[in-house]
Amino acid sequence: MLVIHALWSVTDRLLLWGEDSSLPPAPPRRPGRRPRLQPHPFAPAAQSLVEALGPLAGTPTIGTVEVRLPTSAGAPIPSPEVVRDEPPADTERIGVADWIVPTLAYQPDDAQATIRGLVASAEVTPGSTVRHLAEVVAFASDLVARGRVLPGIALTAAGPVAVWRPVLTAEDAAWARALALATPPAGRAELTGRVGDRAAPRGTAGVIAAALDALVDSVVRAVLGPIVLRGPRNGPAAAWLRALTGRRRSFGAEPGEAAALAAELNAWQAEATGGSVRACFRLVEPPADTPEVAWRLDLALQAADEPSLVVDAEKVWRSRGALRALARHVTAPQETLLAELGRASRLYPALEQALRTARPSTLDLDATGAHEFLAEGAPLLAGAGFGVLLPSWWSRPPARLGVRLSAKTPTAPGTVSKESGFGLSSIVDYQWELALGGEKLTAAELKSLTELKSPLVRLRGQWVQVDPARLAAGLKLLREERGGQMTIGELLHVAGADDGDGPGGLPVTEIAAKGWLGDLLSGAVDQRLTPAAAPAGFVGSLRPYQCRGLAWLHFLQSLGLGGILADDMGLGKTVQLLALMAGDPPDAGPSLLVCPMSLVGNWQREAARFAPELRVHVHHGAERPRGRDFSAAVRAANLVVTTYSLAARDGPELSKIDWLRIVVDEAQAIKNAATRQAAAIRALPARHRVAVTGTPVENRLADLWSIMEFANPGLLGSAAAFRQRYAEPVERQGNDEAADRLRRVTQPFVLRRVKTDKSIISDLPEKLEMEVVCNLTTEQASLYQAVLDDMMKRIESSEGIERRGLVLATMTKLKQVCNHPAQLLRDGSRISGRSGKLARMEETLEEVLAAGEKALLFTQYAEFGGMLRAHLTARFGREVLFLHGGVAKADRDAAVARFQSAGGPALFVLSLKAGGTGLTLTAANHVVHVDRWWNPAVEDQATDRAFRIGQTRAVQVRKFVCAGTLEEKISTMIQDKRGLAAKVVGSGEQWLTELSTADLRSLFALEAGAVVE
């Protein structure tokens, strides 16, 4: 393992040195007295660093530097990034000692590219010092991009040098101080520029300041390129201008001429940026009992490094000499105040009015002037380093002027029937109202705001900002279109409109409705409805949240609207649906339930248990009835259960039935709207539609569109419009406003409760999730690298579909190596002792079995599951159950029953696809994800086989990943998918195929420290 460290030298060069964990940890002992200075024992030679860095190394200058490092027992202590097998140092005997390390030195013009390359490199491990200097490089680039730089002259012993310097004011100065304070200890280790030179080192702040100066100068020159700046053609000024671009910084000038030019530039810069004391501006709003034009801008002096030290201008003018409060900063406060106000007036010309007085101390403003200062003057002054103190309400989000839609329904909903007129096409009465900050504006307030014609107004005791153009648009809207009628679908489209898409170009800030429409739009429908009791035909009891869910289903059904029941796994979605069906009137018509084949038996059992009066017909198998026989079977049933594949195949026949409702269980099966299966199911007619899924969003927001298109066709518009309005802004730009708009539209139709919410279910135990990092064996590491080298050559020479296939094949092979070499080789070789992951798994299971507990082991590879079953059976001398897609339904049910029994087997290996849904395995309180599917929703579904109602013990979830491999790297990306699902309410790994070859190499590369001997 090679770790690279970085130092900014006293000679203003970037120095790189390293630590190699494969080198001896201590220097060799030699007879006689040991010299004071010794080479660092595991710092690699400079040439070794060059070879390790490859093209990234460039053409550095090779040398050495003396560093002072923590030392114990005569050897330097490895940095935190270095992984060694030696025991930890004795903390009571740690001291510091000087060591010599070989270095690679880079000029500032090459430093920024080197630092960025090291951070992105997959060949070496960047130390904390490299990552810290990368932050300095990023800060330098940001300063240049914002133009926070000025040209200057540095007078050196070798002659004058043209330089670009950063201008650090306000937040930039604070960030520079923070970077200095955050310097890692190893970044402060340099003692000298060369061995034997005892020059005093600079402090940390000085080192970072010097690095920032040099990096800013190099970034500016890189941006400007070879252009020549305009100016005088002859003399020192012309030579200085020419030296401000390109790599040559020195220029010819007599010492006296250079000093005079430097003095002029320094004076100009001081005038432009200010000194230790700066002007400060405090905006004071009018008291409540005064005219609204009486705003006041108070002038003051403020210590630049002590912002709380502010002295009003009146006090400055009353003083006859130095101010005691500012004595440490300034000796002539009156002159300083005038100079600072003159400098500020260039940015904020309104100050010239105050400067016409002998002793300027305040500037009177009207509301328009105050708004101009808040919106324009204050940001300019603050950015230039002046102090600015504003009213606290200005920092709060501005109250927006928008429209409020008040709606009501002319009729009340009833039970859905064939003639029911309710649904997205139902008509509602509406009226537009103007609102500011969520508060409805009265006619008198509107008239007052219009007459004021001011961007700042006091409304109900608070100051708010008003856009006169928006106010005029709002008044025009109220004159031309006060109200009318629209459908519920149109109303929901209004709720999801962009800021500029509302009526008159105004944002829709609120939709207010009463009665059942208000319940629908509330976003918490189940909380506003009276909980529904279980019907007479339902056997068993419902939990309070299930009663609210049943009421929500009844409510949507009464409106002819569909819904997505998205309760967390294990909260009883099946029970709520069966309670709904058990309460259907005898002549209501049949319901069609579509589910994966693995859940057909589960629905049969649950219906017989909770709704025994329901007549259930399973439409499946080669002998299934067709034509008239099928119609007769449907007429004789209340519930028809079929699978997704048959729903697509028998779609024409199913479409002939007048279904009361269609329920799709595990609705993520129709998340891809373009599939024949999803299209066939959407085409089936029904008066009520319910999608059941614990994961309404798995990989992309398009999943939600497809499921909602089934439940409420047309609600979210076309797929293209949805992508443009919601998916791209949320997924690519992280746009929270777009996510909020999508939530407003969808939340009436999505009921989502989670098990971790104690208000939903308080008797479910805790779930403890942990990532278990395993090391590869030497055999695994060698095989991993061989597979990687072979597959990357093939990927680099491929394109299109072939390339995508190769990427997935590479990932599969590498994951198989991480599991066990025998899984990839398929040579029937021995299992034990060859996999770091398997060894760690055995240790975990030993603890589980010793405690008399049970565990589920999920793998996405059925083949590896069989290997695990055979190995674990021999290893622990007890039966291990195994479930995969090829297990018959009867055998599957028997295995589940045996595992759930008190004396049944303690270990259950399951294929993720076959056993990740539809099972209750609460006898286990340990879940092991042997290999990752990289989809949080799929993994959570599998975990919920044990973490669900009926579980009485805390569930421990372990997710195994191999260190330094693609498993560990992809694991860090999973949180993004979790965030997407949470924000608005790929299954698989297809997104990886779109990465560039360089990104793939970085993702797949085996990092140092992954192997354990």
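Structure shown above.
This paragraph deals with the packing of helix H18 (residues 573-582) against helix H19 (residues 600-610). Look at H18 against H19: their axes get within 10 Å of each other, and the N-to-C directions meet at 55 degrees. What the angle tells us is that H18 and H19 run oblique. The two elements H18 and H19 cross, and the hand of that crossing is right-handed. Of the residues in H19, those touching H18 at Thr-574, Val-575, Leu-577 and Leu-578 are Trp-603, Glu-606, Ala-607 and Phe-610.

The sheet built from 6 strands is open, its strands ordered S29-S34-S33-S30-S32-S31 with parallel pairing. Each edge of the sheet is formed by a strand with only one pairing partner; in this case those strands are strand S29 (767-774) and strand S31 (880-883). On average, each strand axis in the sheet is tilted by 20 degrees relative to the strand beside it, whichever way the strands run. Where S31 and strand S32 (residues 907-911) come together, 4 bridges link them in parallel fashion. Among the inter-strand pairings, Leu-881 is bridged to a residue of S32, identified as Phe-908.

With a phi close to 55 degrees, Asp-12 is a non-glycine residue in the positive phi region. Tracing the backbone through its elements, the reader meets Asp-12 in the loop between strand S1 (2-8) and strand S2 (14-20). A relative accessible area of 30% means that Asp-12 is categorised as partly exposed.

With that out of the way, let us pick up the sheet that holds strand S24 (residues 616-618). Ordered in space as S24-S25-S23-S26-S27-S22-S28, the 7 strands form an open sheet in which the pairing is parallel. Looking along the sheet, the strands with just one partner apiece sit at the ends: S24 and strand S28 (750-751). The pairing of S24 with strand S25 (residues 639-643) spans 3 bridges and is classified as parallel. Each residue of the ladder has a partner; that of His-617, found in S25, is Val-640.

Below, the discussion takes up empty space enclosed by the protein. Computed from the structure, the largest cavity encloses a volume of approximately 70 Å³. Along its surface, the largest cavity is lined by Ala-6, Leu-7, Trp-8, Thr-129, His-132, Leu-133, Thr-183, Pro-184, Gly-187, Val-207 and Ile-208. Among the secondary structure elements, those contributing two or more residues to the lining of the largest cavity are S1, helix H3 (128-145) and helix H5 (204-224). Partitioned by chemical class, the residues of the lining of the largest cavity number 7 nonpolar, 4 polar and no charged.

Across all of its chains, the model carries 27 salt bridges by this definition. In this structure, Lys-837 engages Glu-967 in a salt bridge whose closest nitrogen and oxygen atoms are separated by 2.9 Å. A residue pair is termed long-range when its members are at least 10 positions apart, and Lys-837 in helix H30 (residues 836-850) and Glu-967 in helix H35 (residues 966-971) qualify at 130 residues. Across this residue pair, the class does not change: Lys-837 and Glu-967 are buried. Here Arg-932 makes a salt bridge to Glu-939, at a shortest N to O gap of 2.6 Å. Residue Arg-932 shares its accessibility class with Glu-939, and that shared class is buried. A single salt-bridge network, built from bridges that share partners, covers Asp-109, Asp-110, Asp-217, Arg-221, Arg-247 and Arg-249.

Here we take up the side chain of Gln-816. Checked against the element boundaries, Gln-816 lands in helix H28 (residues 800-819). The exposure class assigned to Gln-816 is buried, which follows from its relative accessible area of 9%. If we ignore the near neighbours within four places in the chain, the residues touching Gln-816 are Gln-823, Leu-824 and Tyr-861.

Time to look at the nonpolar core. One finds Ile-564, Leu-577 and Val-664 to be the most contacted residues of the largest nonpolar core, which totals 77 residues. By residue number, the principal contributor to this core is helix H17 (residues 544-559), which donates 8 residues. Beyond its immediate stretch of four places on either side in the chain, Val-664 contacts Val-594, Tyr-644, Ile-670, Ile-681, Val-690, Ala-691, Val-692 and Phe-710. Formed by 50 residues, the second largest nonpolar core is a distinct cluster that contains Leu-2, Ala-6, Trp-8 and Val-207.

Definitions and limits used
Residues numbered from 1 in each chain as written. Predicted model: local features only at pLDDT ≥ 70, side-chain atom pairs only at ≥ 80, totals over all residues. Heavy atoms only, no water. Axes fitted to C-alpha atoms, helices over the stretch in contact; angles between N-to-C directions. Helix = DSSP H or I, 4+ residues; strand = E, 2+ residues; numbered from the N terminus. Parallel < 35°, antiparallel > 145°, perpendicular 65-115°, else oblique. Left-handed = near helix turned anticlockwise from the far one by under 90°. Contact = heavy atoms within 4.5 Å. Pairing = 2+ DSSP bridges. Buried < 20%, exposed > 50% of the residue type's maximum accessible area, 1.4 Å probe, protein only. 1 Å grid on protein atoms, 1.4 Å probe; cavity = no way out; pocket = protein on both sides within 12 Å on 5 of 7 lines; lining within 4 Å. Points joined across faces, edges and corners; volume = space filled by probe spheres on them. Nonpolar A, V, L, I, M, F, W, Y, C, P; charged D, E, K, R; others polar. Salt bridge = Lys/Arg side-chain N within 4 Å of Asp/Glu carboxyl O. Core = buried A, V, L, I, M, F, W, Y, C linked by side-chain atoms within 4.5 Å.

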